[in-house]
Amino acid sequence: MPRNTLSAELIVTAALGLLDRTGIEQFSVRALAKELGVAPMTLYTYFRGKDELLDAVRDHALAAAALTTAYGGWQHQVRTICRRLRGQILEHPCLTSLLQQRPLAGHESAESAESLLRALVEAGFDVENAARAYTTLLGFVVGVTTLEVRLLEENRDPERREKVREIMSGLPADRYPTLVEHTAALRHTVGGDTQFEFGLDLVIAGMEQRLILVP
């Protein structure tokens, strides 16, 4: 690729695709440069190092979760942002590792945070409770969706899926009566849109209750 056709945005987009295919452990600037058809040192004219590039990739993906225009009640805004964030993580599984290993610090990350915090403040939360609600929502979405990504990966392995089924089916009912009774329901409710919405509804209901209780 000719040097003058490169841009930071093109590099970030290519890096995101490579990360989705290889994972963060196998990702390298050298491999990215090879895919782009340039020398590795060329990429360092845009990013000072691998860490800065990974931050840019993460922030680029998170930018899609931000609300460019606020509309509807605060609950609708919160749901929209959380759904978008989940969608980005499902579309780009590498984000599970990037969000765990790289602290949020970029401009685009700030856009998503701004959207969510603004909705919480408009709902009536004070500074401290808005921050706590934001952290709770972020933890819920990232945690639940990370689990969902891992389960999707495991479900692609028939042997592993069968082993889990055998373990759950073989639990002694006299020792774990409640767990055995709910085994089928637990398999049915792990992951998916319905389960995510159920959990999000619970979190938002708790936030609504908090607004009533805290003057």
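Conventions and cut-offs
Residues numbered from 1 in each chain as written. Predicted model: local features only at pLDDT ≥ 70, side-chain atom pairs only at ≥ 80, totals over all residues. Heavy atoms only, no water. Phe/Tyr/Trp six-rings, centres within 6.5 Å; stacked < 30°, edge-to-face > 60°. Helix = DSSP H or I, 4+ residues; strand = E, 2+ residues; numbered from the N terminus. Buried < 20%, exposed > 50% of the residue type's maximum accessible area, 1.4 Å probe, protein only. Lys NZ or Arg CZ within 6 Å of the ring centre and 35° of its normal. Salt bridge = Lys/Arg side-chain N within 4 Å of Asp/Glu carboxyl O. Axes fitted to C-alpha atoms, helices over the stretch in contact; angles between N-to-C directions. Parallel < 35°, antiparallel > 145°, perpendicular 65-115°, else oblique. Left-handed = near helix turned anticlockwise from the far one by under 90°. Contact = heavy atoms within 4.5 Å. Nonpolar A, V, L, I, M, F, W, Y, C, P; charged D, E, K, R; others polar. UniProt positions renumbered as here; feature names shortened; annotations may be inferred. Domains from an automatic or database assignment. Polar contact = N/O pair within 3.5 Å; in protein donor to acceptor, adjacent residues only side chain to side chain. Core = buried A, V, L, I, M, F, W, Y, C linked by side-chain atoms within 4.5 Å. Patch = residues over 30% accessible without salt bridge, like charges linked within 9 Å, V, L, I, M, F, W, Y side chains within 5 Å. Areas by Shrake-Rupley, 256 points an atom, 1.4 Å probe, with all protein chains shown as cover.

In the nomenclature of an unreviewed UniProt entry, the chain is known as AcrR family transcriptional regulator of Kutzneria buriramensis.

(A) The packing of aromatic side chains, seen in detail. The tally for this structure, following the rule as stated, stands at two aromatic pairs. Seen from their ring centres, Trp74 and Phe125 are 6.2 Å apart, and the 85° between their planes marks the pair as edge-to-face. One end of the pair, Trp74, is in helix α5 (residues 74-91); the other, Phe125, is in the loop between α7 (107-123) and α8 (127-155), with 51 residues separating them in the sequence. Residue Phe125 is classed as buried on the basis of its relative accessible area, which comes to 7%. Against the face of Phe196 rests Arg86, its NZ or CZ located 4.9 Å from the ring centre.

(B) Inspection of the pattern of salt bridges at higher detail. One pass over the full model with this rule turns up 10 salt bridges. Within the structure, one salt-bridge network assembled from shared partners comprises Asp55, Arg58 and Asp59.

(C) Broad picture of the packing of α5 against α8. Orientation of α5 relative to α8, taken along the N-to-C sense of each, is 30°, at an axis distance of 10 Å. Relative to α8, the element α5 is oriented roughly parallel. Considering the relative orientation of α5 and α8, their crossing is right-handed. Each of Val78, Cys82, Leu85, Arg86, Ile89 and Leu90 in α5 lies in contact with α8, whose residues at this interface are Leu137, Leu138, Val141, Val142, Thr145, Glu148, Val149 and Leu152. Residues belonging to the contact of α5 with α8 are distributed by class as follows: 11 nonpolar, one polar and two charged.

(D) Structural detail: the UniProt feature "domain: HTH tetR-type" (unreviewed entry) in the chain. Per the UniProt record, the feature "domain: HTH tetR-type" (unreviewed entry) sits at residues 5-65. For the annotated span residues 5-65, helix accounts for 66% and strand for 0% of the residues, and the straight-line distance between the end C-alpha atoms is 28 Å.

(E) Molecular detail of the domain arrangement of the chain. Taken domain by domain, the chain comprises domain 1 (8-61) and domain 2 (66-213). Here the C-alpha centre of domain 2 lies 28 Å away from the C-alpha centre of domain 1.

(F) Quick peek at the packing of α5 against helix α12 (residues 193-213). In contact at an axis separation of 11 Å, α5 and α12 are set at 145° when each is read in the N-to-C sense. Where α5 crosses over α12, the handedness of that crossing is right-handed. Taking contact as the criterion, the partners of Trp74, Gln75, Val78, Arg79, Cys82, Arg83 and Arg86 in α5 are, on α12, Asp193, Phe196, Glu197, Leu200, Asp201, Ile204, Met207, Glu208 and Leu211. Residue classes in the contact of α5 with α12 are distributed as eight nonpolar, one polar and seven charged.

(G) Structural context of the side chain of Thr96. Among the secondary structure elements, Thr96 is positioned in helix α6 (residues 94-101). Looking at Thr96, its side chain comes within polar contact range of the main-chain oxygen of Pro93, at 2.8 Å. When near neighbours in sequence (up to four residues on either side) are disregarded, Thr96 contacts Ile89, Thr146 and Val149.

(H) Structural context of the environment of Thr194. Within the fold, Thr194 resides in helix α12. Sequence separation between Thr194 and Gly17 is 177 residues, and the spatial gap between their C-alpha atoms is 28 Å.

(I) Examining the nonpolar core more closely. Residues Leu32, Leu43, Leu53, Val78, Leu120 and Leu137 are the most contacted members of the largest nonpolar core, which totals 52 residues. Secondary-structure elements contributing two or more residues to this core are α1 (8-22), α2 (29-36), α4 (50-62), α5, α6, α7, α8 and α12. The element best represented in this core is α8, accounting for eight residues. Mapped onto the domain boundaries, this core takes at least three residues apiece from domain 1 (8-61) and domain 2 (66-213). For Leu32, the contacting residues outside a window of four places in its chain are Ile11, Ala14, Ala15, Leu18, Phe27, Leu43 and Leu53.

(J) Quick look at a nonpolar patch on the surface. Taken together, the side chains of Tyr176, Leu179 and Leu186 define a hydrophobic patch exposed on the protein surface, amounting to about 220 Å² of accessible area. Residue placement: Tyr176 occurs in the loop between α9 (158-169) and α10 (177-181). Residue Tyr176 is classed as partly exposed on the basis of its relative accessible area, which comes to 31%.

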